[in-house]
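Next come the chains, spelled out residue by residue.
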Amino acid sequence: MAWVLVQLKLRLLLGALRASNAARVSFILSSTLALFLAIGTFAGLAALRHNGAAVDLTAVIYTLYALGWVILPLVAFGLDGTLDPATLVLYPLRTRPLVIGLLAASATGAWPLASLIGSLGITVGLAHGALAVLIAVIAAAVQVLFCIILARLVTTALAGLMRSRRGRDLAALAIIPIFALYEVFAQVLPRAIGKHELTAASFAGVDGWVRWLPPGLAAHAAQDASTGHAGTAVLRLLLAAAVTVVLGWLWASALSHALVTADASTQAATIKGGTLPFGRRAGLSGTIAARVLAYQRRDPTFMAYLGITVVLMVVVAISSLRGSHPEVGVLLSAGVGGASVGMQRGDSFGLDGPACQRAAGHGPRPGRDRRWPGDRRPILRHAAVPDGAAGGQPAAPAGGGLRDAVAGRPVRRADRNGDPGDPGHRRHRGNRLGGRRDPGPRSHRRRRRLRRPAGLGGHRPGGGPSRSQAARALPACRPQQALGSSHRAGYCGRRRSASAAASSAASSPKPTPIAWSSRRFSWCTSRENTSRSASVGSPPKGSARG
Amino acid sequence: MRGLRKSFGRKDAVAGIDLDIGRGSLAGLVGPNGAGKTTSLSMMTGLLRPDMGTVLINGVSVWADPAAAKAIIGVVPAEVRLFERLSGQELLEYAGRLRGLAAGDARQRAGQLLDVLDLKDDAKRLVADYSTGMRKKAALGCALIHNPQVLFLDEPLEGVDPVSADVIRRLLKRFADSGSTVLFSSHVMELVEQVCDHVSIIAAGRIVLTGTMDEVRAGKTLQQAFIDLVGTRGAGGEGLSWLGSSSS
């Protein structure tokens with residue numbers, strides 16, 4: 001059974017190489033990082049030879065390794081299929097062979113190998129003499145075994161939680177301590193080392209408590225063997241092995257439990273809708289604001305951002321308080337915090353910003369609610385670039401989007417009233433690239449009314465054609481306009497595609513012959529687009545019906 | 001099974017089930033949403049330890065020896081958890097090997113099952129890229145590869161296209177005709193009526209009626225018999241005055 005599970009693990013690793021390009025790149029990067037870690041740790045531990053605090057530093061490094069083994073599988077829970085007991089519950093596997101098999105599978109892969117190679121650095125750094133080298137090799141093996149079993153115990157015990165929504169949220173929040181650690185290593189430690197406040201001797205008493213943990217026991221075993229205390233070394237190794245065996249027993253118990261327990265961790269997962277009444281009273285803008293507030297609590301990404309901001313503020317404050325002008329440091333910390341929160345709220349990077357960004361894509365009501373905080377749409381700004389390239393005509397409406405993108409100018413959202421790529425529907429206020437001044441909302445609305453083709457007919461309170469009309473009008477519009485619209489629809493929903501295309505059709509004085517449109521659409525990769533273009537052989541019904 | 005009970009907090013998901021399924025029968029377990037179908041099937045198949053009660057499958061006590069019981073049954077759970085980064089072919093092969101089949105036998109059976117389940121063209125694709133219906137079919141293949149004595153399926157045709165559903169229906173019939181036992185849960189009455197010879201109706205965690213199809217239907221359709229037994233819920237949406245094309 002163990003061999004089958006090892007083969008399964010290897011197949012899963014190879015499967016990652018056959019997955020998406022992103023997964024492949026991630027796998028290669030991960031393996032490369034493991035290689036560097038192995039070499040770096042081995043070299044680092046080996047360099048401690050003849051250092052007075054070698055054993056203390058080794059114990060700290062071994063303990064950090066163990067921490068890494070606990071945290072990283074939780075963050076990457078879904079990546080290794082063998083970590084989740086739920087994938088094995090259907091099979092007639094008894095606990096004992098299953099534990100042995102999973103242990104063997106866990107020891108397979110780049111990271112366990114890197115851990116072993118790195119840990120073997122103590123054979124150079126701490127061991128003096130043949131017996132000490134032998135003890136060091138065993139100690140390194142015990143250390144890696146301890147790390148693997150500890151990680152398995154934690155992931156198995158938390159498997160039910162990790163499969164749940166709350167567990168995934170918690171895993172996302174794990175980025176905060178990781179970021180804090182990064183800040184310590186990137187900011188605090190180099191500065192302290194530079195000022196000679198942190199030297200190897202600083203760790204001279206650190207292992208007072210670490211030495212009794214298995215990583216510390218392993219490190220001290222190698223040290224004891226080197227100093228002629230072989231008996232003590234063996235005792236330390238036995239103690240570390242005993243702790244590892246106890247952890248293994250706990251893991252087996254957790255595994256037995258997980259194999260016969262439903263995931264009930266979301267049974268009590270209810271939420272409070274405290275922000276929604278605010279949204280009900282304040283119209284669309286209030287609704288958007290309420291959604292942003294609700295997501296502030298419920299979306300772990302926001303919590304993670306805020307946590308990172310707090311870490312940044314603390315690091316800046318501590319760094320500044322140690323200088324000659326602590327009051328400036330406090331102000332600087334507040335400034336950094338404010339800027340960080342402002343960037344998140346403003347969604348400067350357009351990645352996964354406030355809810356209003358996405359809600360904007362669903363067409364707000366005309367009138368006062370059209371001007372709300374989500375108006376600036378960096379998503380569309382990015383979308384405009386492929387539009388221009390796909391259209392192949394920089395001067396075409398899509399090219400306008402490209403100009404906006406280059407100029408870094410915000411683009412109006414594509415609501416039911418206009419396509420942001422269409423110059424006739426953009427509102428420039430004194431732009432620097434020669435765009436005309438906005439004539440004002442009144443004349444803007446009048447221009448829109450004038451451009452509505454008779455074929456679309458049917459007055460709508462919102463001022464534009466209905467979505468069904470828009471969809472019917474799609475084949476008659478200029479191909480590059482409709483194509484640009486369909487590209488943008490990939491970001492903001494298909495309904496907007498039809499609406500935007502209809503607006504483009506409305507502004508097009510001479511509809512292009514249908515056969516030509518069909519040819520232009522034929523290369524579209526989307527199956528739906530292709531079928532739509534194939535169906536344009538008959539006149540668009542929308543025009544006839546109007 | 002006798003006296004099967006399971007509670008989550010204060011809620012009795014299964015409030016005492018006694019049920020006998022004859023060997024070689026194709027039995028259906030029907031009930032409304034939240035009636036306890038999935039919880040019952042999980043307890044019958046060794047996936048969820050009951051608070052009380054016993055389950056015997058061909059003489060093997062599920063909760064005295066879960067591994068022995070799992071060796072003679074196949075399960076297609078409602079929420080299928082598969083090894084996402086294996087191909088379809090590899091998934092079935094490893095399902096066979098984890099059940100003790102030799103590598104060669106597992107490979108041969110996997111190929112045949114993929115052929116029957118119309119997954120042969122997608123055998124080299126990763127399971128992560130499969131659609132819901134394809135995942136269901138792959139899970140069915142995993143459940144059948146060791147030729148189980150009893151097959152349990154939870155909503156087996158959910159998300160499966162009509163052609164594949166017909167293939168699965170015929171496969172289940174053939175499997176039951178060979179003397180094996182099938183028990184599946186569903187709330188699609190037409191499917192149960194077409195396929196099953198034995199049906200049990202579960203509501204609020206209890207079996208309210210069980211018997212052969214003719215006994216349960218009592219001259220009506222299964223749908224009507226089910227509604228008569230379980231009752232209708234809600235007021236048919238009378239409160240939704242805003243819903244419909246006549247509203248603005």
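Residues numbered from 1 in each chain as written. Chains lettered and ligands numbered in written order. Predicted model: local features only at pLDDT ≥ 70, side-chain atom pairs only at ≥ 80, totals over all residues.

A word on the overall build of chain A
Short version of the rule: In DSSP terms, a helix is any run of H or I states spanning at least four residues, a strand is any run of E spanning at least two, and both are numbered starting from the N terminus. Three exposure classes are used, all based on how many other C-beta atoms lie within 10 Å of a residue's own C-beta (placed from the backbone): buried at 20 or more, exposed at 12 or fewer, and partly exposed between those limits. A residue pair is marked as a contact if its C-beta atoms, positioned from the backbone, fall within 7 Å.
Helices and strands together make up the secondary structure of chain A, namely 27 helices and zero strands. Buried residues in chain A amount to 35% of all 546 residues. Sequence separation of 24 or more characterises 71% of the internal contacts of chain A that already satisfy a separation of 6 or more.

With respect to the overall build of chain B
Of the regular secondary structure elements, chain B holds nine helices and 11 strands. Counting over 248 residues, chain B shows a buried share of 45%. Within chain B, contacts between residues separated by at least 24 positions form 66% of all contacts whose residues are at least 6 apart in sequence.

Here's the deal with the sheet that holds strand β10 (residues 198-203) of chain B
All names here are of chain B. Basically, it comes down to this: Between any two strands, pairing holds if DSSP finds at least two bridges. Between N-to-C directions, angles cover 0 to 180 degrees, with each direction set by a line fitted to C-alpha atoms, over the stretch in contact for helices.
One open sheet accounts for six strands, arranged β7-β8-β9-β3-β10-β11; its pairing is mixed. Looking along the sheet, the strands with just one partner apiece sit at the ends: β7 (73-76) and β11 (206-212). Neighbour-to-neighbour, the strand axes of the sheet open up by a mean angle of 15 degrees, direction not taken into account. Bridge analysis of strand β3 (residues 26-30) against strand β9 (residues 181-186) gives five bridges, and the strand direction is parallel. Bridging from a neighbouring strand, G28 pairs with F184 of β9. Across the sheet, helix α1 (residues 37-44) is in contact with β3, β8 (150-154), β9 and β10; its angle to β8 comes to roughly 150 degrees.

Description of α1(B)
All names here are of chain B. Counting buried positions along α1 yields eight of eight residues, so the element is predominantly enclosed. Listed in full, the buried residues belonging to α1 are K37, T38, T39, S40, L41, S42, M43 and M44. Next to the buried residues of α1 lie β1 (2-8), β2 (11-17), β3, β8, β9 and β10. Phi turns positive, to about 80 degrees, at G46, one or two residues after α1.

Observations concerning the pairing of β7(B)
Residue and element names in this part refer to chain B. The side-chain alternation of β7 yields two buried faces, one formed by I73 and V75 and the other by G74 and V76. Where β7 meets β8, four bridges bridge the pair, whose relative direction is parallel. Counterpart to I73 in the pairing with β8 is V150.

Focus on the packing of helix α7 (residues 130-157) of chain A against helix α13 (residues 230-259) of chain A
Residues and elements named next belong to chain A. Definition in use: Any angle that is under 35 degrees is reported as roughly parallel, and any over 145 degrees as roughly antiparallel; angles of 65 to 115 degrees are reported as roughly perpendicular and all others as oblique. Definitions for this section: a left-handed crossing has its near helix turned counterclockwise from the far helix by less than a right angle. A right-handed crossing has that turn clockwise. Throughout this entry, Asp, Glu, Lys and Arg are counted as charged residues, while Ala, Val, Leu, Ile, Met, Phe, Trp, Tyr, Cys and Pro are counted as nonpolar. The remaining residues, Gly among them, count as polar.
It is the contact of α7 with α13, at a shortest axis distance of 9 Å, that shows an interaxial angle of 20 degrees. Overall, the two elements α7 and α13 adopt an arrangement that is roughly parallel. In the crossing of α7 with α13, the sense of the turn from one axis to the other is left-handed. Here the residues of the contact of α7 with α13 are counted per class, giving 22 nonpolar, three polar and one charged.

Structural notes on the sheet that holds β2(B)
Residues and elements named next belong to chain B. Taken in spatial order, the three strands of this open sheet run β2-β1-β4, and their pairing is antiparallel. Whereas interior strands pair on both sides, the edge strands pair on one side only; in this sheet they are β2 and β4 (52-54). Each strand of the sheet is rotated relative to its neighbour by a mean of 20 degrees, with strand direction disregarded. Pairing of β1 with β4, which is carried by two bridges, proceeds in the antiparallel orientation. Paired with R2 across the strands is T54, a residue of β4.

Section: the pairing of β1(B)
Residue and element names in this part refer to chain B. The pairing of β1 with β2 spans five bridges and is antiparallel. Looking across to β2, one finds that L4 is bridged to I17. With antiparallel pairing between neighbouring strands as the criterion, β1 and β2 make up a hairpin whose turn holds two residues, including G9 at a positive phi of roughly 65 degrees.

Describing the interface of chain A and chain B
Counting from both sides, the interface comprises 22 residues of chain A and, opposite them, 25 residues of chain B. In terms of residue class, the side of chain A that touches chain B is built from 14 nonpolar, five polar and three charged.

Observations regarding the nonpolar core
Residues and elements named next belong to chain A. Spelled out, the test is: Buried Ala, Val, Leu, Ile, Met, Phe, Trp, Tyr and Cys residues form a nonpolar core when they are connected through C-beta atoms within 7 Å.
Counting 129 residues, the largest nonpolar core has I122, A139 and A222 as its most contacted members. Among the elements that line this core, the one with the most residues is α7, at 15 residues. Discounting residues that sit within four places of it in the chain, A222 has contacts with I122, L126, A127, A132, I135, A136 and A139.

What to know about unusual backbone geometry
Residue and element names in this part refer to chain B. Residue N58 is not a glycine yet carries a positive backbone phi of 50 degrees. As for its position among the elements, N58 is in the loop between β5 (56-57) and β6 (60-61). Phi angles above zero are rare outside glycine, and D118 is one such case at about 60 degrees.

Some details on the packing of helix α5 (residues 110-119) of chain A against α7(A)
When two helices pack together, their arrangement is captured by the angle between the axes and the distance separating the axes. Residue and element names in this part refer to chain A. Two numbers describe how α5 lies on α7: the axes approach to 9 Å, and their chain directions differ by 145 degrees. Where α5 crosses over α7, the two elements pack in a sense that is right-handed. In this structure, α5 uses P112, S115, L116 and S119 to contact α7, whose residues at the interface are A140, Q143, V144, C147 and I148. For the contact of α5 with α7, the residue count by class is six nonpolar, three polar and no charged.

Topic: the environment of N147(B)
Structurally, the position occupied by N147(B) is in the loop between α5 (132-144) and β8. Given 14 C-beta atoms within a 10 Å radius, N147(B) is considered partly exposed.

Observations concerning the confidence of the model for chain A
Detailed conclusions should not be drawn from predicted coordinates in areas where pLDDT is low. Residues and elements named next belong to chain A. Quick note on the threshold: You can read pLDDT as the predictor saying how much it trusts each residue, on a scale of 0 to 100.
For chain A, the average pLDDT comes to 67, and 55% of its residues sit at 70 or higher. When the criterion is pLDDT under 50, residues 264-268 qualifies, and its contacts beyond four places in sequence or with other chains add up to 11 contacts. Taken as a whole, residues 364-546 scores under 50 in pLDDT and shows 254 contacts with residues more than four places along the chain or in a different chain.

Let's talk about helix α6 (residues 162-177) of chain B
Inclusion rule: Between the first and last residue of a helix there are one fewer steps than residues, each counted as 1.5 Å, and that sum is the expected span.
Taking 1.5 Å of rise per residue, the 16 residues of α6(B) would be expected to cover 22 Å, and the 22 Å separating its terminal C-alpha atoms lies within 8% of that figure. Just beyond α6(B), the residue with positive phi is G179(B), at close to 105 degrees.

As for the confidence of the model for chain B
When the pLDDT values of chain B are averaged, the result is 88; 96% of them are 70 or greater. If you check the scores for this complex, the pTM reads 0.65 and the ipTM reads 0.89.

What about the environment of L332(A)?
All names here are of chain A. Along the chain, L332 falls in helix α17 (residues 326-346). C-alpha of L332 to C-alpha of S320: the two residues are 12 residues apart in sequence and 8.2 Å apart in space. Excluding anything up to four places from it in sequence, L332 contacts V316 and S320.

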